[in-house]
Structures are given as structure tokens and as C-alpha cells.
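# What the coordinates show
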Amino acid sequence: MASLRVPDDVPLPSEDCNTLHKAFKGWGTDEKAIIRVLGCRNSCQRGEIREAYQQIYKVSLIDQLHSELSGDFRKAVILWTYDPPERDARLANKALKSRKKGITRLQVIVEIACARSPHHLVAVRQAYHSLFNCSLEEDITFHVPLPVRKVLVGLVSSYRYDKEVVDSIVAILEADKMREAIETKHLDLDDFLWILSTRNVFQLKATFQYYQQKYGNSIYQDIKSCGKGLLVSVLRVVIWCIDTPEKHFAEVIRASVVGLGTDENSLTRAIVSRAEIDMMKIRGEYFNMNKTSMDNAVKEDTSGDYRNFLMTLLGAKI
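Cut-off values and rules
Residues numbered from 1 in each chain as written. Predicted model: local features only at pLDDT ≥ 70, side-chain atom pairs only at ≥ 80, totals over all residues. Heavy atoms only, no water. Phe/Tyr/Trp six-rings, centres within 6.5 Å; stacked < 30°, edge-to-face > 60°. Helix = DSSP H or I, 4+ residues; strand = E, 2+ residues; numbered from the N terminus. Buried < 20%, exposed > 50% of the residue type's maximum accessible area, 1.4 Å probe, protein only. Lys NZ or Arg CZ within 6 Å of the ring centre and 35° of its normal.

To describe a pair of aromatic rings, you give the distance between the ring centres and the angle between the ring planes. Across all of its chains, the model carries six aromatic pairs by this definition. Seen in terms of ring centroids, tyrosine 53 and tyrosine 57 are 4.8 Å apart; in terms of plane orientation they differ by 50°. Their pairing is tilted. One end of the pair is tyrosine 53 and the other is tyrosine 57, both in helix H3 (residues 43–57) and four residues apart, which spans about a single turn. On the basis of relative accessibility, which here comes to 0%, the residue tyrosine 53 falls in the buried class. Look at tyrosine 57 and you get partly exposed, because its relative accessible area is 24%. Between tyrosine 128 and phenylalanine 132, the ring centres sit 4.8 Å apart and the planes meet at 55°, which makes this aromatic pair tilted. Here tyrosine 128 pairs with phenylalanine 132, and both are found in helix H8 (residues 118–132), just four residues apart, close to one helical turn. The exposure class assigned to phenylalanine 132 is partly exposed, which follows from its relative accessible area of 26%. Every member of this aromatic cluster is reached through a ring pair, and the members are Phe24, Tyr53 and Tyr57. A cation over an aromatic ring shows up here: arginine 46 above the ring of tryptophan 80, its NZ or CZ 3.7 Å from the ring centre.

Remember, this is a structural readout, not a statement about activity or role.
Pasting the structure below:
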């Protein structure tokens, strides 16, 4: 499911650090060496490299990358090099501190809460507290208006049961409750939001399935019919990230490359955050949805070292 290609024989962290240190020395930076090392190591291996680099050279690898690289390439490499919980904590903080609070920004919070494991969410909340001296919930409360604030606080505060346990009777009853909220266009009802923020993923998928069987449309379609406000947009992302996260990220990538300009921040986030999880599924969904290759779309809309790095994470041989 992951697109990341890790070599069979991985050098020792000290050897990778030596390669990186040589890449930074002199008048120019050897970007290919940086891509060859960091772009082909999993999160555990990157963590070992970060620790070894600090011990050997008495300087942070992240700081070194920041001083040696530039532009979108620098942003992508640094995001990738962070420990995943710290990466997501920083992405969440940036989204919340942005002046624009549209769906492009706030979907970052939904992705962290709904498209990753409960254990990862706890780690993100811990990292957020350590980095920014407040809780993620506090910053959501301060920066996001009601009723979207209510949704996001509920999602990030939850710790979902992560085993495959489904109660069919509960799924049927809660499908009816969700239908009532949608019909009355009261999407901020406590029961509706409680179901979305606390039930385990398998239970929610069963609820969504019963909903479609009984009412003819998917819950995603019916929420879409409630209007075009930010609450509706956020809840649609919640449904997709819980039910079919690969479709959500395929759409994020499509939206980031369509049209005249490229949304490098969204493109980078989608590829960096999913390369070790389900990028192969995302690639398949992208083709199903757009009848064209995701890899070609990324190639055509990016350039230089930034393109080479993203394509390496997608599994291409550069």
C-alpha cells in the first residue's frame, strides 16, 4: 500500500549522516544525495538519522536542511524528515494560524483526526503541547468559529476504539439519527457530531452503509445537499477521511495540480503524509476518478529537485 521504496540493504545511520554531511559541504549542495538518502528511508530510519546527526555533528539535521535548501523542495524535505506526530502538529498549527480558514486549511485538522490511527492522534496532541505550549483543542477554540469549532474539537479530543467491532443494531439506529439531522439541516446537533467523533471506524463504515441502503444516497451526497457553507465542507471531508481516505487524498492531489497554478502546500502534504501508508491505493483512486495517471499529473505540475523528491516518495527511480 505504501509507495516508499526502501533499499534492501540500508546503510547504518552514521553512514547516512556522513553522506548527508558531505552533501552540505562546499559551495553547492548535492540535492541528489539528500533525495537518495532521506527519500528512501522510513520514519523509524529517519528518526535514527536525525539522532545520529545531532550526536555526531552537534547540530540539528532539520536546521541544516533549512540552511542548505530552499523553496518547495526545502519545505517538502523538512516535512518528510520530521517525526510524523511532530510533522502533523506543525501542519495543524500552521493551518490554525493561517488568516484564511477555508476548507483547504481546516481539512488538515480533519485528516489528522480521522485518517490516521487513534494512537497517532494522541502523539500529535502531545507533540502540539510540547511545541506550542498549549493544547490543540485550545488553539482550535481560539482560531475557529462555531459551529465548525465544535466539530473539530470533538474530533481531536476523541480516542476511538481501533478494533474491528461492529454492532449492526446500533449502526441502523445511528443511521436514522444522522438522517434526521441531515433532513432538518441541523448538522451541528450533539448526537450527530458525537457519532462522528467517537464511534470506531468500522462501526461508522457500517452506519454509512446502512444509511445508503435505506435512503438511496450516500451520506456524503446527502450532506452535500445541505448547502455550501464551511460546516458542510468540513463534514464531507470527515466522512471521506473515515470511510475512504484514499479518495480524499486523491482529490487533494487533483485539486492541487488542476488549473494554472499549483497548490504546493497541499500537494506536498498529501504525498509526504501518505507515502508510507496508502499511496498505492490513492494512486488507484486518482485514476478511477480522473481517468489519468497521478504520477504524470505530479510530474507535469512540478519541476527540479522538488519534483524529483516527490517522485521518489511516489516510488519512482530518479
